[in-house]
Amino acid sequence: MLGLKRGTVKLVSHQEEWSGEAENMIRLLRRLLGNIPIDIQHIGSTAIFSIHAKPIIDIAVAVHNLNDILPYIEVLKRHNIVFRGEMVAGEILFAVGNDEMRTHHIHIVKWNGAEWNNYINFRDYLNAHPEKAALYDICKQKLAMQFPNDRKSYTAGKEEMILHLLSEAGIWRAAAQLPDESRQKH
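The rules behind these values
Numbering of residues begins from 1 in every chain and follows the order in which that chain's sequence is written. Local features in this predicted model are restricted to residues whose pLDDT is 70 or higher, and side-chain atom pairs enter the listing and the counts only when it is 80 or higher, whereas totals over whole chains, interfaces and linings include all residues. Think of the side-chain values as coming from all heavy atoms in the structure, minus any hydrogens and water. Secondary structure elements are taken from DSSP: a helix is a run of H or I of four residues or more, a strand is a run of E of two residues or more, and numbering for both begins at the N terminus. For a helix, the expected span equals 1.5 Å multiplied by the residue count minus one. Contacts were defined at the residue level, with two residues in contact if any of their heavy atoms lie within 4.5 Å. A cavity, in this analysis, means grid points on a 1 Å lattice covering only the protein atoms where a 1.4 Å probe fits yet has no way out; a pocket is instead an open set bounded by protein on both sides within 12 Å along at least five of seven lines, and a residue lines either one if it has an atom within 4 Å of a point. Grid points are joined across faces, edges and corners, and a volume is the space filled by probe spheres set on the points. Polarity classes work like this: nonpolar for Ala, Val, Leu, Ile, Met, Phe, Trp, Tyr, Cys and Pro, charged for Asp, Glu, Lys and Arg, and polar for all others, with Gly in that last group. The definition of a polar contact used here is a pair of N or O atoms within 3.5 Å, where within protein one atom must be able to donate a hydrogen and the other to accept one, and adjacent residues in sequence count solely through side-chain atom pairs. What counts as a ring pair is set by centres within 6.5 Å for rings of Phe, Tyr and Trp (its six-membered ring), and what kind of pair is set by the plane angle: stacked under 30 degrees, edge-to-face over 60, tilted for all other angles. Salt bridges are defined by distance alone: a side-chain nitrogen of Lys or Arg within 4 Å of a carboxyl oxygen of Asp or Glu. A simple rule labels every residue: compare its accessible area, found with a 1.4 Å probe on the protein chains alone, to the largest value its type can have, and call it buried under 20%, exposed over 50%, or partly exposed in between. A strand pair is defined by DSSP finding two or more bridges across the two strands.

Trainee: Just to check I follow, could you spell out helix α1 (residues 17-33) for this structure?
Mentor: In an α-helix there are 3.6 residues to a turn, and that puts residues three or four apart on one side. In a regular helix each residue adds 1.5 Å, so 17 residues correspond to 24 Å; α1 covers 24 Å between its end C-alpha atoms and thus fits that length. Looking at the buried side of α1, the elements it contacts are β2 (39-43), β3 (57-63), α2 (73-77), β4 (81-88), β5 (91-97) and β6 (101-110).

Structure below.
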């Protein structure tokens, strides 16, 4: 199952096909955008293997400058990838689907910027720490039951936990990048 009615929240268990769907979209974006992206990654809950997720594939596209994507709006639109604008500061959003149903969200962010690093660190941290992923999953499921038709409240309800996990993920990533002898001293 892929896709969800706009504004609603329905979580499903992890689906094997999500990775394939993400790879297909990444290949299409690489073909359409040429050398504009520095990197393209599958992110979000569908990229975390042990948790429930809304069946919408999130893709992060890292670029040098957000404006680099603007000349491609029409090209993307011809492939049903619709410009949604800067819904969040520092990020341009595209969506795949129609006014009723979304299947993919494409997040254009600055390479190595806070948004990019947060997306990658969050995904990698939760995949490396199943106990943290389980806590996040419980939070998500509780909120999904509470707000099945109110995605804004669902998203707002996750914010505190996400910020906490992002902090842990940043520390984890920084520690992982230290040389071996530095890690032993700390």
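That was the structure; now back to the text.
Trainee: Looking at this structure, I do not really get the layout of surface pockets. What am I missing?
Mentor: Empty space among the atoms becomes apparent when a probe as large as a water molecule is rolled across them. Its volume calculated, the largest pocket comes out at about 1500 Å³. Looking at the largest pocket, it is lined by 36 residues, and the ones nearest its centre are V88, E91, H107, Y119 and T155. Looking at the lining of the largest pocket, the elements that each hand over two or more residues are β4, β5, β6, α3 (114-128), α4 (130-146) and α5 (151-176). Residue contributions to the lining of the largest pocket peak at nine residues, all from α5. Taken together, the residues of the lining of the largest pocket sort by class into 16 nonpolar, eight polar and twelve charged.

Trainee: Explanation requested: the side chain of S45 in the structure shown.
Mentor: Within the element layout of this structure, S45 appears in the loop between β2 and β3. A distance of 2.8 Å separates a polar atom in the side chain of S45 from a polar atom in the side chain of K140. If we ignore the near neighbours within four places in the chain, the residues touching S45 are I51, H52, A53, Y136 and K140.

Trainee: Explanation requested: the packing of aromatic side chains in the structure shown.
Mentor: The geometry of an aromatic ring pair comes down to the distance between the two centres and the angle between the two planes. Within the structure shown, the criterion is met by four aromatic pairs. Considering the side-chain rings of W111 and W116, the 5.6 Å spacing of their centres and the 50° angle between planes classify their relative orientation as tilted.

Trainee: Looking at this model, I keep getting lost on the pattern of salt bridges. Mind explaining?
Mentor: If the charged atoms of two oppositely charged side chains come close together, the side chains can form a pair. Under the counting rule described, the total for this entry stands at four salt bridges. Of the charged contacts, one joins R123 and D124 as a salt bridge, the two residues approaching to 2.8 Å between their closest N and O atoms. Of the residues examined, R123 reaches a relative accessible area of 11% and is grouped as buried. By relative accessible area, which is 21% here, D124 ends up partly exposed. Via salt bridges that share partners, R123, D124 and R173 belong to a single interconnected network.

Trainee: Which parts of the structure should I look at to understand the pairing of β3?
Mentor: Every other side chain in a regular strand lies on the same face of the sheet, so the side chains alternate between the two faces. Counting buried residues in β3 gives seven out of seven residues, a clear majority hidden from the surface. Neither face of β3 is left uncovered, since the one carrying I57, I59, V61 and V63 and the one carrying D58, A60 and A62 both have all their residues buried. Judged from the five bridges that link them, β2 and β3 form a sheet pairing that is antiparallel. The residue of β3 that forms the bridge with I40 is V61. Note: β3 against β6, seven bridges, orientation parallel. Each bridged residue has a counterpart across the sheet, and for I59 the counterpart in β6 is I106.

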